[in-house]
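Chains, contacts and geometry: an overview
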Amino acid sequence: MNHVMPPPRGGAPASGTPGAPTAGVPTPGRPPELLRSAGGITLRRRSPAQARALNTAVRANLDHLRPWLEWAAEAPTAARTAELTAAGVAAWDAGTDFIYLAGLDAEPGRVIGSFGLHGRIGPGALEIGYWVSAEHGRRGIATAAARTVAEAALALPGIHRVEIHCDPANTASGAVARRTGFRLDRVVAAPVRAPGETGRKQVWIRERNPVRA
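Here the structure is a predicted model, which means the values were calculated and not measured.

Turning our eyes to something else, we now look at the overall build of the protein. When helices and strands are counted, the protein shows five helices and 10 strands. Scored against the burial criterion, the 213 residues of the protein give a buried share of 54%. With the model as given, the accessible surface of the protein reaches about 9,100 Å², and the carbon-plus-sulfur share is 54%.

Our next topic: the nonpolar core. In this structure, Leu43, Phe115, Ile128, Val162 and Phe182 are the most contacted members of the largest nonpolar core, which totals 34 residues. Elements supplying a minimum of two residues to this core: β4 (41-45), β5 (97-104), β6 (113-118), β7 (125-132), α4 (141-154), β8 (161-166) and α5 (171-179). Ranked by residues supplied to this core, first place goes to α4 with 10 residues. Listed in part, the 12 residues of the second largest apolar core include Leu65, Trp71, Leu101 and Val111.

Let us look at the environment of Asp97. You can see Asp97 is positioned in strand β5. In sequence terms Asp97 and Arg120 are 23 residues apart; their C-alpha atoms lie 8.5 Å from each other. Polar contacts involving the side chain of Asp97 include one to the side chain of Thr96, which spans 3.4 Å.

One pass over the full model with this rule turns up 13 salt bridges. Among the charged side chains, a network of salt bridges with common partners joins Arg183, Asp185, Arg186 and Glu207.

A word on the side chain of Ser133. Turning to its location among the elements, Ser133 is positioned in the loop between β7 and α4. Residue classification places Ser133 among the buried residues on the basis of a relative accessible area of 5%. With residues near it in sequence (within four places) discarded, Ser133 still touches Asn61, His64 and Ile112.

The residue His118 is located in strand β6 in this model. Looking at His118, its side chain comes within polar contact range of the side chain of Asp97, at 2.5 Å.

Another point: the pairing of β5. Summarising burial for β5: eight of the eight residues are buried, a large majority. Of the two faces of β5, the one lined by Asp97, Ile99, Leu101 and Gly103 and the one lined by Phe98, Tyr100, Ala102 and Leu104 are each fully buried.

Attention shifts here to the confidence of the model for the protein. Residues with a pLDDT of 70 or more make up 87% of the protein, whose mean pLDDT is 90. Of the regions scoring below 50 in pLDDT, residues 5-12 engages in 45 contacts with residues more than four places distant in sequence or in other chains.

With their axes 9 Å apart at the nearest point, helix α1 (residues 51-60) and helix α3 (residues 78-94) run at an angle of 120° to one another. The orientation of α1 relative to α3 falls into the category oblique. α1 and α3 meet at a crossing whose hand is right-handed. Of α3, the residues touching α1 (which contributes Ala51, Leu54 and Asn55) are Ala78, Thr81, Ala82 and Thr85. The class makeup of the residues in the contact of α1 with α3 is four nonpolar, three polar and no charged.

Quick notes on the rules
Residues numbered from 1 in each chain as written. Predicted model: local features only at pLDDT ≥ 70, side-chain atom pairs only at ≥ 80, totals over all residues. Heavy atoms only, no water. Helix = DSSP H or I, 4+ residues; strand = E, 2+ residues; numbered from the N terminus. Buried < 20%, exposed > 50% of the residue type's maximum accessible area, 1.4 Å probe, protein only. Areas by Shrake-Rupley, 256 points an atom, 1.4 Å probe, with all protein chains shown as cover. Core = buried A, V, L, I, M, F, W, Y, C linked by side-chain atoms within 4.5 Å. Polar contact = N/O pair within 3.5 Å; in protein donor to acceptor, adjacent residues only side chain to side chain. Salt bridge = Lys/Arg side-chain N within 4 Å of Asp/Glu carboxyl O. Contact = heavy atoms within 4.5 Å. pLDDT = per-residue confidence, 0-100. Axes fitted to C-alpha atoms, helices over the stretch in contact; angles between N-to-C directions. Parallel < 35°, antiparallel > 145°, perpendicular 65-115°, else oblique. Left-handed = near helix turned anticlockwise from the far one by under 90°. Nonpolar A, V, L, I, M, F, W, Y, C, P; charged D, E, K, R; others polar.

Structure representation (structure tokens):
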């Protein structure tokens with residue numbers, strides 16, 4: 001699990017979703033607004049029509065999300081989720097953040113997680129954030145969806161690298177990164193902002209054209 005759209009300052013959560021968009025670097029091009037992944041998983045661009053379902057999903061998963069995501073410290077109101085959704089729409093249009101809500105074909109209308117691409121790590125790169133509800137964990141959903149989102153990111157003009165940032169203690173998120181073809185590049189110091197964090201951050205990288213030794 002990592003933070004998809006964290007509050008202003010980044011299976012399981014990797015860096016999470018309902019926060020205000022960060023001031024990222026605009027990305028040339030836009031990813032598809034609808035992505036389909038293996039296992040009947042659909043990823044749709046977050047929209048105001050989904051705000052109620054997203055609010056329900058977040059409130060039902062606060063205990064699951066809270067150890068790793070700063071924004072999960074308290075339950076969001078419906079109005080707050082609607083406000084952040086509107087901000088996310090503007091960020092997509094600006095090319096700085098692209099947030100998808102995940103659902104299953106077998107459970108229409110239900111939000112089971114969120115996956116985002118964030119332009120907060122500099123030109124030519126996007127950071128992937130994600131979380132999946134506790135009920136839908138350990139089914140390969142996070143892995144399949146993260147792989148689809150990573151491939152969509154690397155298909156964008158000007159994007160050569162995608163990253164996943166997560167705490168070393170968040171082993172579920174690290175496993176998703178590894179299974180989706182990311183390599184662990186480094187571990188760096190990081191502020192502790194959520195109860196489960198250790199003060200370190202793993203930086204996982206996947207490149208369009210990796211340099212081979």
